[in-house]
Amino acid sequence: AQRVTQPEKLLSVFKGAPVELKCNYSYSGSPELFWYVQYSRQRLQLLLRHISRESIKGFTADLNKGETSFHLKKPFAQEEDSAMYYCALSEYGNKLVFGAGTILRVKS
Amino acid sequence: GAGVSQSPSNKVTEKGKDVELRCDPISGHTALYWYRQSLGQGLEFLIYFQGNSAPDKSGLPSDRFSAERTGGSVSTLTIQRTQQEDSAVYLCASSLPWLGEDGYTFGSGTRLTVV
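All values derive from a computational prediction rather than experimental measurement.

J.: Residue-level account of the nonpolar core, with values.
T.: Residue and element names in this part refer to chain A. With 25 residues, the main nonpolar core has Trp35, Leu47, Leu48, Leu72 and Tyr85 as its most contacted residues. For this core, the secondary structure elements donating two or more residues are β2 (10-14), β3 (19-21), β5 (33-38), β6 (45-49), β9 (83-90) and β11 (102-107). At four residues, the largest contribution of residues to this core is made by β9.

What follows is the structure, given as structure tokens:
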């Protein structure tokens, strides 16, 4: 069975500090991983996916197959980064399995 | 439409009543998904429709839950004999047949409260 674990329910950092949102997965195949974000009063939306290798809004995520991790990082947090972040794993077809989510709170 | 539309946005119902939640996906998106979002539980997969294939119902929590998708477009999630533990935000998403650049497009959800 596939599983996505986000160990932190809440991560609170000061503006300008580095951010790392943790995601670990268990999957027997070749995983495809995503980060989704939900800002206050907005819809859940795709932030980035590992195969695109892009940096979106300053965030990056590297797939580490040895550690089965896909942590989301940003070197300098901004207040507008405050949101709920979900890590997700693609199963067969299009079905995504999501983690429990981490609330990121950036304090000024 | 331009996005995924869900209705109603809020629903308060009495325990034991049936409810229907509606999702109108993006035109051309053949895949449609229902998830349940609750505090501490994250996003729980419920059901997945892909074109004319049989739906993947593996996430439906009990036989009180059912969903259909008519004409490959609009979907309705029905919860019979609602219980207080059914209270959550029900999210619908749609996508192309494959997970392309944009992944899923989510609706704004239906907040269900069972009293």
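What follows picks up the thread again.
J.: Now, about the sheet that holds β3(A): what can you tell me, with residues and values included?
T.: Residue and element names in this part refer to chain A. Across the sheet, which stays open at both edges, the three strands sit in the order β3-β8-β7 with antiparallel pairing between neighbours. Edge positions in the open sheet fall to β3 and β7 (60-61), since each of these has one partner strand only. Pairing between β7 and strand β8 (residues 72-74): two bridges, direction antiparallel. Across the sheet, residue Ala61 finds its bridge partner in β8, namely Leu72.

J.: Lay out the pairing of strand β7 (residues 75-79) of chain B in plain terms, naming residues and giving numbers.
T.: A regular strand carries its side chains on alternate faces of the sheet. Residues and elements named next belong to chain B. Across the five residues that make up β7, a large majority, five, are buried. Of the two faces of β7, the one carrying Ser75, Leu77 and Ile79 and the one carrying Thr76 and Thr78 are both buried. Pairing analysis gives five bridges linking strand β3 (residues 19-24) to β7, with the strands arranged antiparallel. Looking at β7, one finds that Glu20 is bridged to Thr78. With five bridges connecting them, strand β6 (residues 65-69) and β7 associate as antiparallel partners. Paired with Phe65 across the strands is Ile79, a residue of β7. The hairpin formed by β6 and β7 contains five residues between the paired strands, and Gly71 there has a positive phi angle of roughly 60°.

J.: Lay out the layout of surface pockets with the relevant residues and their values.
T.: A volume near 790 Å³ is recorded for the largest pocket. Taken together, 28 residues line the largest pocket, and the ones lying closest to its centre are A:Gln38, A:Met84, B:Gln37, B:Val89 and B:Arg111. Those elements giving two or more residues to the lining of the largest pocket turn out to be β9 of chain A together with β4 (31-38), β8 (88-95) and β10 (110-114) of chain B. Residue contributions to the lining of the largest pocket peak at three residues, all from β9(A).

J.: Could you give an account of the packing of aromatic side chains, with specific residues and numbers?
T.: The tally for this structure, following the rule as stated, stands at 14 aromatic pairs over all chains. Summarising the aromatic geometry, the rings of A:Tyr36 and B:Tyr104 are spaced 6.5 Å apart at their centres and angled 55° between planes, so their arrangement reads as tilted. Placement of A:Tyr36 in strand β5 and of B:Tyr104 in the loop between β8 and β9 (105-106) is noted, with the two residues assigned to different chains. Each ring, one from B:Tyr33 and one from B:Tyr104, has its centre 3.9 Å from the other, and the planes form 20°; the classification is stacked. With a gap of 71 residues between them, B:Tyr33 in strand β4 and B:Tyr104 in the loop between β8 and β9 connect regions that are remote in the sequence. Per residue, the accessibility class of B:Tyr33 equals that of B:Tyr104, and both read buried. Put simply, the rings of A:Phe34, A:Tyr36, A:Tyr86, A:Phe98, B:Tyr33, B:Tyr35, B:Phe45, B:Tyr48, B:Tyr104 and B:Phe106 touch in pairs and so form one group of aromatic residues.

J.: I'd like a description of the interface of chain A and chain B, backed by residues and values.
T.: Listed as interface residues are 17 residues of chain A and, on the opposing side, 28 residues of chain B. Note on chain A versus chain B: buried area summed over both sides is about 1700 Å², and carbon and sulfur give 51% of it. A per-residue breakdown of the area chain A buries against chain B is headed by A:Arg43, A:Asn94 and A:Lys95, which together make up 37% of the total. The tally of links between chain A and chain B comes to one salt bridge. Among the salt bridges present, the one from B:Asp56 reaches A:Lys95, with a minimum N-O distance of 3.4 Å. For the pair chain A and chain B, the interface holds 15 residue pairs in polar contact (both at pLDDT 80 or more). Of all the elements in the fold, those that place two or more residues in the side of chain A that touches chain B are β5, β6, β9 and β10 (96-98) of chain A.

Conventions adopted
Counting restarts for each chain, with residues numbered from 1 along the sequence as it is written. Labels follow written order: the first chain is A, the first ligand is 1, and so on. Predicted model: local features are reported for residues with pLDDT of at least 70 only, side-chain atom pairs are reported and counted for 80 or more only, and whole-chain, interface and lining totals are derived from all residues. The basis for every side-chain value is the complete set of heavy atoms in the structure, and neither hydrogens nor water enter the calculation. Remark: nonpolar core denotes a set of buried residues (Ala, Val, Leu, Ile, Met, Phe, Trp, Tyr, Cys) joined through side-chain atoms within 4.5 Å. Between buried and exposed lies partly exposed: a residue is buried under 20% and exposed over 50% of the maximum accessible area for its type, with that area taken using a 1.4 Å probe on protein chains only. Counting from the N terminus, the helices are the DSSP runs of H or I reaching at least four residues and the strands are the DSSP runs of E reaching at least two. Strands were regarded as paired on the criterion that DSSP finds at least two bridges between them. Here a cavity denotes a set of grid points, spaced 1 Å apart and computed over the protein atoms alone, in which a 1.4 Å probe fits but from which it cannot get out, and a pocket denotes an open set meeting protein on both sides within 12 Å along at least five of seven lines; residues with an atom within 4 Å of a point are reported as lining. Grid points are joined across faces, edges and corners, and a volume is the space filled by probe spheres set on the points. Here a pair means two rings of Phe, Tyr or Trp (six-membered ring of Trp) with centres within 6.5 Å. Their orientation is stacked below 30 degrees between planes, edge-to-face above 60, and tilted elsewhere. Working rule for contacts: check all heavy atoms of both residues, and any pair within 4.5 Å makes them a contact. By buried area we mean how much accessible surface two parts lose on assembly, using a 1.4 Å probe and totalling the loss over both. Each reported salt bridge corresponds to a side-chain nitrogen of Lys or Arg within 4 Å of a carboxyl oxygen of Asp or Glu. Here a polar contact is taken to be a pair of N or O atoms separated by no more than 3.5 Å, where protein atoms must pair a possible hydrogen donor with a possible acceptor and residues adjacent in sequence count only if both atoms sit in side chains.

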